[in-house]
Amino acid sequence: MMRRPHLGAPLVALLLFTLVWATAQPGPPDGRGPSRRAPSAAAFDPATALQAGEALLTRLEVLAVFEHVHGRRDEKRELRVLLGDAAGAYGRFNLDPLSLEPVPIGLEGVAPPRPAAAEPEVLFRAAERALQALSLSAVVVPERDGVKLLLVYAGRIVGELRLNHGYAPAAHAKWLEEYGRSRWRFPD
């Protein structure tokens, strides 16, 4: 009786090597690949990033409140708040239109907002009150184009704040584009 060779171990080793090699390769230049490279560990200092984020958080203003619609059929609607200054939007969080409090990340699309239920000025003032109660999480997320700091409200992560690799505020143009396309926005 002839015995067939067992290929299990060499095949698993080859698959493991391929997986490790593929994830170590740089992603495409557009940054959408599986290996969005973060800054090197030597260049990244979470304590400095947090310190810069805390200083920025004290200077931020509510730039806008608007309805953000997304999803395959535009079924997800969120009431988004942009934070920043005259130079750009550096942070964002979502506001619940009924309770007028920030919505924890992951629960944004549970109840679709109805911006018309409250006057725009009321929503804007609620966003300003929420901004005063925001703090930063101790978690700093390194990304390819900078770092992301997590905004906390009442012990829950509700939004994000962006810094570049030099820990200066990093304006996120996409958020302003979303604001410009929104059907409902304040100020208009």
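Note that the structure is predicted; figures quoted are calculated from it, not measured.

(A) Up close: the nonpolar core. Counting 31 residues, the largest nonpolar core has Val-65 and Leu-83 as its most contacted members. Contributing elements (two or more residues each) for this core: helix H2 (46–59), strand S1 (61–70), strand S2 (76–85), strand S3 (88–94), helix H3 (120–133), strand S4 (135–143), strand S5 (146–153) and strand S6 (156–163). For this core, the leading source of residues is H3, giving 6 residues. Beyond its immediate chain neighbours, meaning those up to four positions away, Leu-83 contacts Leu-60, Glu-61, Val-62, Leu-63, Gly-88, Ala-89, Tyr-90, Gly-91, Phe-93, Leu-131, Leu-134 and Leu-151.

(B) Broad picture of the environment of Pro-102. Tracing the backbone shows Pro-102 in the loop between S3 and H3. By relative accessible area, Pro-102 is classed as buried at 8%. Taking the C-alpha atoms as reference points, Pro-102 and Val-81, separated by 21 residues in sequence, lie 9.1 Å from one another. Contacts of Pro-102, omitting those with residues within four sequence positions, involve Phe-93, Asn-94, Leu-95, Ala-130, Tyr-153 and Val-158.

(C) Molecular detail of the environment of Leu-100. In this fold, Leu-100 is placed in the loop between S3 and H3. Once the C-alpha coordinates of Leu-100 and Arg-129 are considered, the two residues, 29 residues apart in sequence, prove to be 9.5 Å apart. When residues no more than four places from it in sequence are discounted, the contact partners of Leu-100 are Leu-95, Val-122, Leu-123 and Ala-126.

(D) Spotlight on the packing of aromatic side chains. Taken as a whole and judged by the stated rule, the model has 2 aromatic pairs. Between Phe-66 and Tyr-179, the ring centres sit 5.6 Å apart and the planes meet at 75 degrees, which makes this aromatic pair edge-to-face. Here Phe-66, found in strand S1, pairs with Tyr-179, found in helix H4 (residues 173–181); they are 113 residues apart in sequence, far enough to count as distant. For the residue pair Phe-66 and Tyr-179, the accessibility class agrees, reading buried in each case. Plain terms: the ring middles of Phe-124 and Phe-186 are 5.5 Å apart, the flat faces sit at 75 degrees to each other, and that makes the pair edge-to-face. Placement of Phe-124 in helix H3 and of Phe-186 in strand S7 (residues 185–186) is noted, with a sequence separation of 62 residues between them. Looking at Phe-124, the relative accessible area reads 15%, which means it is buried.

How each quantity is defined
- Residues numbered from 1 in each chain as written.
- Predicted model: local features only at pLDDT ≥ 70, side-chain atom pairs only at ≥ 80, totals over all residues.
- Heavy atoms only, no water.
- Core = buried A, V, L, I, M, F, W, Y, C linked by side-chain atoms within 4.5 Å.
- Buried < 20%, exposed > 50% of the residue type's maximum accessible area, 1.4 Å probe, protein only.
- Helix = DSSP H or I, 4+ residues; strand = E, 2+ residues; numbered from the N terminus.
- Contact = heavy atoms within 4.5 Å.
- Phe/Tyr/Trp six-rings, centres within 6.5 Å; stacked < 30°, edge-to-face > 60°.

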